[in-house]
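# Observations on the three-dimensional arrangement
In case you want the letters, here they are:
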Amino acid sequence: MGQTIDDSALDILFREARTYSTWKPQPVADQTLRDLYDVLKWAPTSANAAPARFAFLRSKEAKQRLRPALAPGNVDKTMTAPVTVIVGYDMKFYEQVPKLFPQSPGLKQLFESNPQLVEVTAQRNSSLQGAYLILAARALGLDCGPMSGFDNAKVDEEFFAAGKPCFGCDLEFFPEGHVKSNFLCNLGYGDPSPLFPRLPRLPFNEACSFL
Ligand SMILES: Cc1cc2nc3c(=O)[nH]c(=O)nc-3n(C[C@H](O)[C@H](O)[C@H](O)COP(=O)(O)O)c2cc1C
């Protein structure tokens, strides 16, 4: 393609973007969340399998269901965020593979017979899709606060167990009992005033090598 984005876009996506814990009272429209998904869905996953599932918690009721699973330090920032998304992964993502990757008809059966491959593929690619979500959100003017400080088993039981409706979301495709949580991400319009100075990053020579 050879096209590049300009410096200010790199600032928005990376250099000036921060992790937010305090939010402006501005709500996030459902249409913005739909637009967010419609951007992030184009980023790559292995065998185009797209195992991530996203539950957007927007209501007070949905947030209250999440509260008992949160680490104490993550409660206030999550309760005050306009939206919290549970980035999950579908352990039966391979059911969609014939549609999403039709050129390999044997792939569904390969996954069905190899639970370890299912787990590693689902975790790797849903993590990637969660990162795509963060970058797509920033590109659309949203701010993010990703979190792994929570009890995954409690979230899975509350939101994804068999027989539990996905309260506060209209994602009817949520297959009961085989979605697991990966990480959470608060979304909204961040208040920069309480931000502490940016933490350092590893320089090139400590994180990279040329071979
Ligand atoms: C997967 C993931 C999990 C995180 N978990 C938490 C968390 O549980 N609680 C929290 O306060 N911050 C959490 N963070 C935020 C990081 O500490 C933060 O992104 C990092 O220090 C960089 O900050 P900056 O984006 O402002 O430069 C998490 C970030 C990521 C990507």
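For the structure, check the block above.
The structure reproduced in this document is the subject of the present report. Worth saying up front: this structure is predicted, and the values here are computed from it rather than measured.

The rules behind each value
- Each chain has its residues counted from 1, following the order in which its sequence is written.
- Since the coordinates come from a predicted model, pLDDT governs what is reported: local features require at least 70, and pairs of side-chain atoms require 80 or more to be given and counted, while whole-chain, interface and lining totals use all residues.
- Computation of side-chain values covers all heavy atoms of the structure but excludes hydrogens and water.
- Where helices are involved, their axes are fitted lines through C-alpha atoms of the stretch in contact, as for all axes, and angles between N-to-C directions lie from 0 to 180°.
- A run of H or I in DSSP counts as a helix once it spans at least four residues, and a run of E counts as a strand once it spans at least two, with each numbered from the N terminus.
- When an angle is under 35 degrees it counts as roughly parallel; over 145 it counts as roughly antiparallel; between 65 and 115 it counts as roughly perpendicular; any other value is oblique.
- In this scheme the crossing of two helices becomes right-handed for a clockwise turn of the near helix relative to the far one and left-handed for an anticlockwise turn of less than a right angle.
- Note on contacts: a residue pair is in contact if any heavy atoms of the two residues lie within 4.5 Å.
- N or O atoms within 3.5 Å of each other form a polar contact, as long as, within protein, one can give a hydrogen and the other can take it, and as long as residues adjacent in sequence are counted only when both atoms are side-chain atoms.
- Only Asp, Glu, Lys and Arg are considered charged, only Ala, Val, Leu, Ile, Met, Phe, Trp, Tyr, Cys and Pro nonpolar, and every remaining residue, Gly among them, polar.
- DSSP bridges decide pairing: two strands pair if at least two such bridges lie between them.
- Throughout, near means a residue has at least one heavy atom within 4 Å of the molecule or strand.
- Helix span, as expected, comes to 1.5 Å for every residue beyond the first.
- Summary of the burial criterion: residues with accessible area below 20% of their type's maximum are buried, those above 50% are exposed, and those between are partly exposed, where the area comes from a 1.4 Å probe applied to protein chains only.
- When a carboxyl oxygen of Asp or Glu is within 4 Å of a side-chain nitrogen of Lys or Arg, the pair counts as a salt bridge.

## Focus: the packing of helix α1 (residues 7-15) against helix α7 (residues 115-139)
- Their axes nearest at 9 Å, the elements α1 and α7 cross at an angle of 135°. Relative to α7, α1 is oriented oblique. Crossing of α1 against α7: the hand is right-handed. Of the residues in α7, those in contact with Ile 12, Leu 13 and Phe 14 of α1 are Leu 135, Arg 138 and Ala 139.

## Examining the side chain of Asp 90
- Along the chain, the position of Asp 90 falls in strand β2 (residues 83-90).
- Here the side chain of Asp 90 touches His 178 through a polar contact of 2.8 Å, side chain to side chain.

## Focus on the packing of helix α2 (residues 30-40) against α7
- One can describe the packing of α2 onto α7 by two numbers: an axis separation of 9 Å at closest approach and a directional angle of 125°. In this view, α2 runs oblique relative to α7, as classed from their interaxial angle. The handedness of the crossing between α2 and α7 comes out as right-handed. Two secondary-structure elements touch here, α2 through Leu 36, Val 39 and Leu 40 and α7 through Gln 129, Tyr 132, Leu 133, Ala 136 and Ala 137.
- Here the residues of the contact of α2 with α7 are counted per class, giving seven nonpolar, one polar and no charged.

## Quick notes on the environment of Asp 7
- Secondary-structure assignment places Asp 7 in helix α1.
- Separated by 63 residues in sequence, Asp 7 and Leu 70 have C-alpha atoms that sit 37 Å apart.
- Reaching out from Asp 7, the side chain makes a polar contact with the side chain of Arg 15 at a distance of 2.9 Å.

## Thoughts on the sheet that holds β2
- An order of β1-β2-β4-β3 is seen for the four strands of this open sheet, with the pairing classed as antiparallel. Of all strands in the sheet, those with a lone pairing partner are β1 (52-57) and β3 (143-147), marking the two edges. Pairs of neighbouring strands in the sheet enclose a mean axial angle of 25°, with direction left out of account.
- As judged from the eight bridges shared by β2 and strand β4 (residues 179-188), these two strands associate in the antiparallel manner. Among the inter-strand pairings, Val 85 is bridged to a residue of β4, identified as Cys 185.
- Those strands touched by helix α8 (residues 152-160) are β1, β2 and β4, and its axis lies near 90° from that of β4.

## Points about the site of the ligand
- Around the ligand, a shell composed of Arg 18, Thr 19, Asn 74, Lys 77, Pro 146, Met 147, Ser 148, Gly 149, Arg 198, Leu 199 and Arg 201 is seen.
- Here an oxygen atom of the ligand sits 2.6 Å away from a polar atom, N or O, in the side chain of Thr 19.
- Residue Arg 198 places a side-chain N or O atom 2.8 Å away from an oxygen atom belonging to the ligand.

## Observations regarding α7
- Compared with an ideal rise of 1.5 Å per residue, which puts 25 residues at 36 Å, α7 spans 35 Å between its outermost C-alpha atoms and is within 8% of the ideal.
- Following α7 by one or two positions, Gly 141 adopts a phi angle in the positive range, close to 90°.

## Thoughts on the side chain of Asn 186
- Looking at where Asn 186 falls in the secondary structure, it is placed in strand β4.
- Take Asn 186: its relative accessible area is 1%, and that puts it in the buried class.
- At 3.4 Å, the side chain of Asn 186 forms a polar contact with the side chain of Thr 78.

## Details of the pattern of salt bridges
- If you walk through the whole model with that rule in mind, you get nine salt bridges.
- A salt bridge links Lys 41 to Asp 38; the shortest N-O distance between them is 3.1 Å.
- In this structure, Asp 90 engages Arg 53 in a salt bridge whose closest nitrogen and oxygen atoms are separated by 3.5 Å. Taken together, the positions of Asp 90 in strand β2 and Arg 53 in strand β1 put the pair 37 residues apart, joining distant regions of the chain.

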